[in-house]
Amino acid sequence: MSPKSIPAIDPVAAVALDIDVQTALALSRATTRAFATLSPKAHRAMMDALGIEAANQQATGGPVAELVAQLLKGHLNDLK
């Protein structure tokens, strides 16, 4: 059996995807920081929600979910 060939990635599409991902991440971080500064209660709610999502990702399993869980935990540490 020969491995399935992977089609070449269009460099322009790869750059556009990277820009989209980086923009989404930046907006998400800014929104999280803004929400967390509204009040101590909002900050706690945000921390709890991120912790739950990290646990859900870990429970999903697989390399991508595991990476997402670790990134969320890192973001939680930044918010402390």
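Coordinates for the structure precede this section.
The structure contained in this document is the topic of the report that follows. (Residues numbered from 1 in each chain as written. Predicted model: local features only at pLDDT ≥ 70, side-chain atom pairs only at ≥ 80, totals over all residues. Heavy atoms only, no water.)

1. What about the packing of helix H1 (residues 11-38) against helix H2 (residues 40-60)?
For the pair H1 and H2, interaxial distance at closest approach is 6 Å and the crossing angle is 135°. By the angle between their directions, the pair H1 and H2 is classed as oblique. Of the residues in H2, those in contact with Thr32, Phe35, Ala36 and Leu38 of H1 are Ala42, His43, Met46 and Leu50. (Axes fitted to C-alpha atoms, helices over the stretch in contact; angles between N-to-C directions. Helix = DSSP H or I, 4+ residues; strand = E, 2+ residues; numbered from the N terminus. Parallel < 35°, antiparallel > 145°, perpendicular 65-115°, else oblique. Contact = heavy atoms within 4.5 Å.)

2. Things to note about the pattern of salt bridges
All told, the structure shown has 1 salt bridge when counted by the stated rule. The salt bridge partner of Arg44 is Asp48, with a shortest N-O separation of 2.9 Å. Of the two residues, Arg44 and Asp48 both sit in helix H2, 4 residues apart, roughly one turn of that helix. For Asp48, a relative accessible area of 37% translates into the label partly exposed. (Salt bridge = Lys/Arg side-chain N within 4 Å of Asp/Glu carboxyl O. Buried < 20%, exposed > 50% of the residue type's maximum accessible area, 1.4 Å probe, protein only.)

3. Remarks on the nonpolar core
The biggest cluster of nonpolar side chains holds 7 residues, and these are Met46, Met47, Leu50, Ala54, Leu72, Leu76 and Leu79. The set of elements that each furnish at least two residues to this core consists of H2 and helix H3 (63-79). The element that contributes the greatest number of residues to this core is H2, accounting for 4 residues. Discounting chain neighbours no more than four positions away, the residues touching Leu72 are Leu50, Glu53, Ala54 and Gln57. (Core = buried A, V, L, I, M, F, W, Y, C linked by side-chain atoms within 4.5 Å.)

4. Some thoughts on the packing of H2 against H3
Following both chains from N to C, one finds H2 and H3 inclined at 160°, their axes separated by 8 Å at the closest point. What the angle tells us is that H2 and H3 run roughly antiparallel. For the pair H2 and H3, the sense of crossing is left-handed. For the pair formed by H2 and H3, the contact residues are His43, Met46, Met47, Leu50, Gly51, Glu53, Ala54, Gln57, Gln58 and Thr60 on the first element and Ala65, Glu66, Val68, Ala69, Gln70, Leu72, Lys73, His75, Leu76 and Leu79 on the second. Grouping the amino acids of the contact of H2 with H3 by side-chain chemistry returns 10 nonpolar, 7 polar and 3 charged. (Left-handed = near helix turned anticlockwise from the far one by under 90°. Nonpolar A, V, L, I, M, F, W, Y, C, P; charged D, E, K, R; others polar.)

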